[in-house]
Amino acid sequence: MSVKTETMYLNMGPQHPSTHGVLRIGLEIDGEVVIKGTPDIGYLHRGMEKIAESSTYIKYVVMLDRTDYPCALTNEMAYILPVEKLLGCEVPARAQFIRTITMELNRIASHLLFFGTFGVDMGAITPINYAFRERELILDLLDDLSGQRLLYHYFRIGGVYRDLPQGWTERAMKFVKWMRDRLVEYDRLLSTNAIFIDRLRGVGIVSREDALAWGFTGPNMRASGVKFDLRKDEPYCAYQGLDFEVPTGKHGDCLDRYTMRMEEMYESTRIIEQAIAKLPEGEIRTKVPMRVKLPKGEWYGRVAGARGEHGCYIVSDGGASPYRLKIRAPSFSNLQILEKMLVGCKIADVVAIIGSVDISLGDVDR
Amino acid sequence: MIEQLKTFITGELGIAIGIGLLKSLIVVVGALLLVAYATLAERKIWSWFQSRIGPNRVGPWGLLQPIADGIKFLMKEDIIPRNADKPLYILAPFLAMLPALLIFAVIPFGELRLGGYVLDLQIVEVNIGVLYIFALSSLGVYGIVLGGWASNNKYSLLGGLRAASQMISYELVLGLSIIGVVMTTGTLSLRGIVDWQQQRYILLLPQFLGFVCFLIAMVAELNRGPFDLPEAETELTGGYHTEYSSMKFAMFFMGEYAAMIGGSAIISCLFLGGGKAPFGWQLSFVPGPAWLFLKMMAFIFFFMWIKATFPRVRYDQLMSFGWKFLLPLALFNVLLTGVLISAGVL
């Protein structure tokens, strides 16, 4: 005897606590098992690329913050890098080091946000409070530099906005020390929890081939076993000469993606420590013409953001504003494989998978 | 007519009814007060775990917060979804809360001595008290399932389904894990079990397996801690009570907390000797109800602690844990107790 069953269409999002913003997923479910999941994006589209065409090169930096807002500084860097290269700016070494330090701080802040929200996704309500306590310290540090807590607009073409205030490096070092102890605490609280590991191991597996084929970047790609980091393999700013590891995973499941970020936080603290020790004296900005004009042509610049490869593709017709600007958003590319990952998992796994890929909807929709 | 009423009130039956009403009043008001302050306690305790301050605006140390919450719930607009099954939708919160409160009727809280007068705080002594409790706690699931179904919301439906399967599976473990206690004490009356432990020893260590099974199954039965799948905010956006608002939502909430407090009382009575003072006679100057209260608080703290620490388990993991691990363990405990009893150890 067989019972006639029907699948159910469950509309997850755009208003849902676990989609981290306004992602909508149409889930076709059979009981608790997902048969098909279709992500639907575009709820946060602000037309950033189009705005660039009517802006100037200098003015547009401020818009970049608003794409991947939890990790704003690397967005700025991805845009400033090709512009500086084309202008032929000699960026002072001190500015390069300050950029490195602040970007790593920002990366830790972004990964802390991931750690907290991922814990909540998994039903652990405590980690987010610890994560935000530490993140607050970073926001304070960056606030003292730029006057902003989230959208810094700290990098300028040719350098940075302002020099480090007095005592800032000591505070940053104190934070690094504090943060390392906290990382041990996080591992004791969440990373080694049996329920947590059981929920994540073997869930949402992305093979090495898939990771490369679908354009996974950043910690997600490294979790699948691809050892590639732009900071190491295509060094920019002051990363060359700094000693740090590139953690890679084996299985490409949710647990690996989580572990990557926890280890990256530790590596970031190492980078900050070394960069502060090596921080040279000197200028923080070179002179840049008031009206920046890029020569005719097409250029691409990329940096390693917290979520993956932040890229900026600039097409110039020789004028004062880009003819066309394309932002390569890591979250957007990382989201593409979602439809494949969701097949056959449980409803609770959907939350784990979206959380572990760590998307930022500002980045996806731009 | 007035004369008749007078003789009735002063008569034996009248006094019995009067005392019964008084006791019910004390216990129900006490239980509801505990429920109200358990919410405050939870928020405070979580805030300590999470390096926060917790509620401290209403009254000193936030002590009037539950009252403010209650008023807020009463004043909120009560929304009934257009396509909801109206009678069931309204009935469900009552069904969720009533059984939880009715459990308090058979719990032997101990005696309250006022001068020379002794007031037994147990409302009724039922010789099958344990069965009564299980009957009522099985009824508790109807409120959640009906609430999930009647809301006409897919998330609620999933929550209700999860609740049904979870509670039915763990009810078995719950029932099996206390068979050891019943076998040892030879009675189904809660009062009898407590008295047995008062006279001999508490059953925590002799029935340790049963205690562990009972505690875990109870967390699942209460939909709390790592087993709060029926509401699972981050997956089902609230589960069975997604569509509920105002006092109806508060009643689900109160039902959950009342069940938690009742459950702590039951587990204290079954395994920790109820109002028995620990460490023998030295501490017995503290009255029994106070000891029971302390033991209950310890369990309530435990329930809040694990919720603050553990992530949520997944549905299939919950099921396999219940059926493949906890149930055999509880069965083994029955066997073990039987062997020990026939060997004359217990």
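Predicted, not measured: the structure shown is a model, and the values here were computed from it.

Draft legend 1. Inspection of the overall build of chain A at higher detail. Helices and strands together make up the secondary structure of chain A, namely 15 helices and 8 strands. For 366 residues, the compact-globule estimate of 2.2 N^0.38 gives 21 Å, and the C-alpha radius of gyration of chain A, at 21 Å, lies within 12% of that figure. With respect to the three principal axes, the spread of C-alpha positions in chain A is 80 × 50 × 35 Å. In chain A, which comprises 366 residues, the share counted as buried stands at 61%. Within chain A, contacts between residues at least 6 apart in sequence are counted, and of these 71% link residues at least 24 apart. Carbon and sulfur atoms make up 53% of the accessible area of chain A, which totals about 14,400 Å². Taking the average location of the 47 positive side-chain charges in chain A and that of its 48 negative ones, the two points are 4 Å from each other.

Draft legend 2. Layout of the layout of surface pockets. Residues and elements named next belong to chain B. The space that makes up the largest pocket amounts to roughly 970 Å³. For the largest pocket, the lining is made up of 35 residues, of which Thr39, Asp69, Phe73, Phe253 and Tyr257 are closest to its centre. Put simply, the parts of the chain that give the lining of the largest pocket at least two residues each are helix H2 (12-49), helix H3 (65-75) and helix H11 (246-271). Among the elements that make up the lining of the largest pocket, the one with the highest residue count is H2 (9 residues).

Draft legend 3. Highlighting the side chain of A:Ser360. Residues and elements named next belong to chain A. By the secondary structure assignment, Ser360 is in the loop between helix H14 (347-357) and helix H15 (361-365). A polar side-chain atom of Ser360 sits 3.2 Å from a polar atom in the side chain of Asp68. Residue contacts for Ser360: discarding those within four places in its chain leaves Thr67, Asp68, Tyr69, Pro70, Arg307 and Ser331.

Draft legend 4. Structural view of the interface of chain B and chain A. Contacts between the two partners involve 26 residues from chain B and, on the opposite side, 35 residues from chain A. The contact between chain B and chain A buries some 2,600 Å² in all, and 58% of this surface belongs to carbon and sulfur atoms. Contact with chain A buries surface across chain B, with B:Thr234, B:Pro311 and B:Arg314 losing the most and accounting together for 24% of the total. Along the contact surface separating chain B from chain A lie 3 salt bridges. Measuring nitrogen to oxygen at the nearest pair gives 2.6 Å for the salt bridge that ties B:Arg162 to A:Glu32. Across the chain B-chain A interface, the total number found is 12 residue pairs in polar contact (both at pLDDT 80 or more). Mapped onto the side of chain B that touches chain A, the elements with two or more residues apiece are H2, helix H6 (154-177), helix H10 (233-236), helix H12 (288-309) and helix H13 (315-342) of chain B.

Draft legend 5. Quick peek at the confidence of the model for chain B. All names here are of chain B. Looking at chain B as a whole, its pLDDT mean stands at 84, while 96% of the residues score no less than 70. When pLDDT is averaged over each element of chain B, helix H9 (residues 208-221) comes out on top at 89 and strand S1 (residues 111-114) at the bottom at 70. Across the assembled chains, the prediction reports ipTM 0.82 with pTM 0.86.

Draft legend 6. Quick peek at the pairing of strand S1 (residues 8-12) of chain A. Residues and elements named next belong to chain A. A one-sided burial pattern is seen for S1, the buried positions being Met8, Leu10 and Met12 and the unburied ones Tyr9 and Asn11. Where S1 lies against strand S2 (residues 24-30), 5 bridges are found, and the strand directions are antiparallel. Paired with Met12 across the two strands is Ile25, which belongs to S2.

Draft legend 7. Examining the nonpolar core more closely. Residues A:Tyr79 and A:Tyr236 are the most contacted members of the largest nonpolar core, which totals 113 residues. Counting residues per element, this core draws most heavily on helix H4 (residues 93-121) of chain A, at 11 residues. Not counting residues within four places of it along the chain, the set of residues in contact with A:Tyr79 comprises A:Thr56, A:Tyr57, A:Tyr60, A:Val61, A:Leu64, A:Cys312, A:Ile314 and A:Leu325. Listed in part, the 70 residues of the second largest apolar core include B:Val35, B:Trp46, B:Phe109 and B:Met218.

Draft legend 8. Structural detail: empty space enclosed by the protein. All names here are of chain B. Evaluated as defined, the whole model comprises 2 cavities of 30 Å³ or more. What lines the largest cavity is a set of 29 residues, and nearest its centre among them are Ser137, Met167, Glu221, Leu222 and Ala259. For the lining of the largest cavity, the elements supplying multiple residues, two or more each, are helix H4 (86-102), helix H5 (129-150), H6, H9 and H11. With 8 residues, the single largest contributor to the lining of the largest cavity is H11. The residue inventory of the lining of the largest cavity, partitioned by class, reads 21 nonpolar, 6 polar and 2 charged.

Draft legend 9. A look at the packing of aromatic side chains. All names here are of chain B. In the structure shown here, the tally under the stated rule is 29 aromatic pairs over all chains. With a centroid separation of 5.7 Å and an interplanar angle of 50 degrees, the aromatic rings of Phe73 and Phe249 are classed as tilted. In this pair, Phe73 sits in helix H3 while Phe249 sits in helix H11, placing the two residues 176 residues apart along the sequence. On the basis of relative accessibility, which here comes to 18%, the residue Phe73 falls in the buried class. Arranged with centres 5.6 Å apart and planes meeting at 55 degrees, the rings of Phe214 and Phe271 form a pair that is tilted.

Draft legend 10. Main features of the sheet that holds S1(A). Judged by pairing direction, the sheet is antiparallel, and its 3 strands sit side by side in the order S1-S2-S3 (chain A) without closing on themselves. Edge positions in the open sheet fall to S1 and strand S3 (33-40) of chain A, since each of these has one partner strand only. Across the sheet, the mean angle from the axis of one strand to that of its neighbour is 20 degrees, orientation sign disregarded. Across 7 bridges, the pairing between S2(A) and S3(A) is antiparallel. When the bridges of S3(A) are listed, A:Ile29 appears paired with A:Val34. Relative to the sheet, H14(A) contacts S1, S2 and S3 of chain A, its axis offset from that of S2(A) by approximately 150 degrees. Each of S1 and S2 of chain A is contacted by H6(B), which is oriented at about 110 degrees to S1(A), the strand it contacts most.

Draft legend 11. Geometry of unusual backbone geometry. With a phi angle near 50 degrees, A:His153 is a residue other than glycine that sits in the positive phi range. Assignment of secondary structure puts A:His153 in the loop between helix H5 (127-146) and strand S4 (155-156). Of note in this structure, B:Trp61 is not a glycine but carries a positive phi near 60 degrees. For B:Trp61, the location among the structural elements is in the loop between H2 and H3.

Reading guide: rules and limits
Residues numbered from 1 in each chain as written. Chains lettered and ligands numbered in written order. Predicted model: local features only at pLDDT ≥ 70, side-chain atom pairs only at ≥ 80, totals over all residues. Heavy atoms only, no water. Helix = DSSP H or I, 4+ residues; strand = E, 2+ residues; numbered from the N terminus. Rg over C-alpha atoms; globule rule 2.2 N^0.38 Å. Buried < 20%, exposed > 50% of the residue type's maximum accessible area, 1.4 Å probe, protein only. Contact = heavy atoms within 4.5 Å. Areas by Shrake-Rupley, 256 points an atom, 1.4 Å probe, with all protein chains shown as cover. Lys, Arg positive; Asp, Glu negative; His and termini not counted. Charge placed at Lys NZ, Arg CZ, Asp CG, Glu CD. 1 Å grid on protein atoms, 1.4 Å probe; cavity = no way out; pocket = protein on both sides within 12 Å on 5 of 7 lines; lining within 4 Å. Points joined across faces, edges and corners; volume = space filled by probe spheres on them. Polar contact = N/O pair within 3.5 Å; in protein donor to acceptor, adjacent residues only side chain to side chain. Buried area = accessible area lost by both parts, 1.4 Å probe. Salt bridge = Lys/Arg side-chain N within 4 Å of Asp/Glu carboxyl O. pLDDT = per-residue confidence, 0-100. Pairing = 2+ DSSP bridges. Core = buried A, V, L, I, M, F, W, Y, C linked by side-chain atoms within 4.5 Å. Nonpolar A, V, L, I, M, F, W, Y, C, P; charged D, E, K, R; others polar. Phe/Tyr/Trp six-rings, centres within 6.5 Å; stacked < 30°, edge-to-face > 60°. Axes fitted to C-alpha atoms, helices over the stretch in contact; angles between N-to-C directions.

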